[in-house]
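An overview of the molecular structure
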Amino acid sequence: MDISVVIPLYNEAESLPELYAWIARVMEEHHFSYEVIFINDGSTDTSWQVIEDLSRSHDEVKGIKFRRNYGKSPALYCGFKEAQGDVVITMDADLQDSPDEIPGLYKKIKEEGYDLVSGYKQKRYDPLSKTIPTKLFNATVRCVSGIKNLHDFNCGLKAYRKDVVKNIEVYGEMHRFIPYLAKNAGFEKIGEQVVHHQARKYGKSKFGLNRFVNGYLDLITLWFLSSFGRKPMHVFGFLGTIMFMIGFIAAFIIGAAKLVALANGTPRPLVTDSPYFYLSLTMMIIGTQLFLAGFIGDLISRSSSTRNDYQIEETLRCKE
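Quick caveat, the model's predicted, so the values are computed rather than measured. (Residues numbered from 1 in each chain as written. Predicted model: local features only at pLDDT ≥ 70, side-chain atom pairs only at ≥ 80, totals over all residues. Heavy atoms only, no water.)

Moving on, we get to unusual backbone geometry. Of note, Asn11 is a non-glycine position whose phi angle comes to about 55°, a positive value. With phi around 60°, His31 is a residue other than glycine that occupies positive phi space. Among the secondary structure elements, His31 is positioned in the loop between α1 (16-29) and β2 (34-40). (Helix = DSSP H or I, 4+ residues; strand = E, 2+ residues; numbered from the N terminus.)

What follows is the structure, encoded as structure tokens:
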């Protein structure tokens, strides 16, 4: 099969028939073999009934129904597990992503050898309250991830080689960082294609401004896991050792100054009367706690069943 189109959705009943008809027309024009996987993320409208009707009428339509609303990342995860196409295309169900972009995305994967191609909505039909935070967010992700050539990490319209979606785990709200997840999994040929962005035709946006706050928190988590997930002692142990040593040296200087003053008969306040003594003691305690946190994290990491779960692309063996 050439293409799997994975479409997560929540309360998009009005747009689904038009979206599928558009996808089918594009696929038939370019003679692609394909499947369309709709993931109904706990919709409260008639979205699932529409998907059932489409499935009965068209063999290419598959559906996954969640009992409740879990979010976009779980929907993509389940869609990726089900996908069988050589190239997997993701898009939103609100008709803001154009299926006419599919052939171009497919070509970049199959002919130009990209692992992942992300859409870039250069001209957006969104209010400034959405576009400005998006630009700031994307600039931050470029800096942290090191993927400098992407302008829109959160664009729903993306294309992947099948190997990519089968070797990454999208969870929580990590759908915003799929290119970063792919890079961490060893898929580094990541490209971008300018795509057309259309104004929403039906319904209203399901995302609020809180997604930007959550996005930054998730980015910090992903950065830490990718950098220190298998070696937490390297960060916690290092910081703990530095803090403990600074606190210890400070306490030693305070004590030495007191001893020198006693030897010279110079009156000096008690060590415990100095605020610097308590600051140094606090640093030593925090340093010890950080070190122990790193030690415990290392023990947990070493006992994990996935501690040796590495991405192996190919293995050559000797002929017998």
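Still to come is the rest of the account.
A separate point is the pattern of salt bridges. In this structure the tally under the stated criterion is eleven salt bridges. In this structure, Arg25 engages Glu29 in a salt bridge whose closest nitrogen and oxygen atoms are separated by 3.4 Å. Taken together, the positions of Arg25 and Glu29, both in helix α1 and four residues apart, correspond to about one turn of that helix. In this structure, the salt-bridge partner of Arg25 is Asp100, at a minimum N-O distance of 3.8 Å. Of this pair, Arg25 sits in helix α1 while Asp100 sits in the loop between β4 (87-90) and α4 (102-110), and the two are 75 residues apart along the sequence. Assessed through its relative accessible area of 42%, Asp100 is described here as partly exposed. Through salt bridges with shared partners, a single network forms among Arg25, Glu29 and Asp100. (Salt bridge = Lys/Arg side-chain N within 4 Å of Asp/Glu carboxyl O. Buried < 20%, exposed > 50% of the residue type's maximum accessible area, 1.4 Å probe, protein only.)

Moving on to the pairing of strand β3 (residues 61-65). Across five bridges, the pairing between β2 and β3 is parallel. Each bridged residue has a counterpart across the sheet, and for Ile37 the counterpart in β3 is Lys62. Regarding topology, helix α2 (residues 47-57) serves as the crossover connection from β2 to the parallel β3, and that connection is right-handed. (Pairing = 2+ DSSP bridges. Right-handed = clockwise from strand over helix to strand, strands pointing away.)

Quick look at the side chain of Ser43 now. Here Ser43 lies in the loop between β2 and α2. Looking at Ser43, the relative accessible area reads 15%, which means it is buried. Every residue in contact with Ser43, bar those within four places of it in the chain, is listed here: Leu9, Tyr10 and Asn11. (Contact = heavy atoms within 4.5 Å.)

Any functional reading would require information that these geometric values do not contain.
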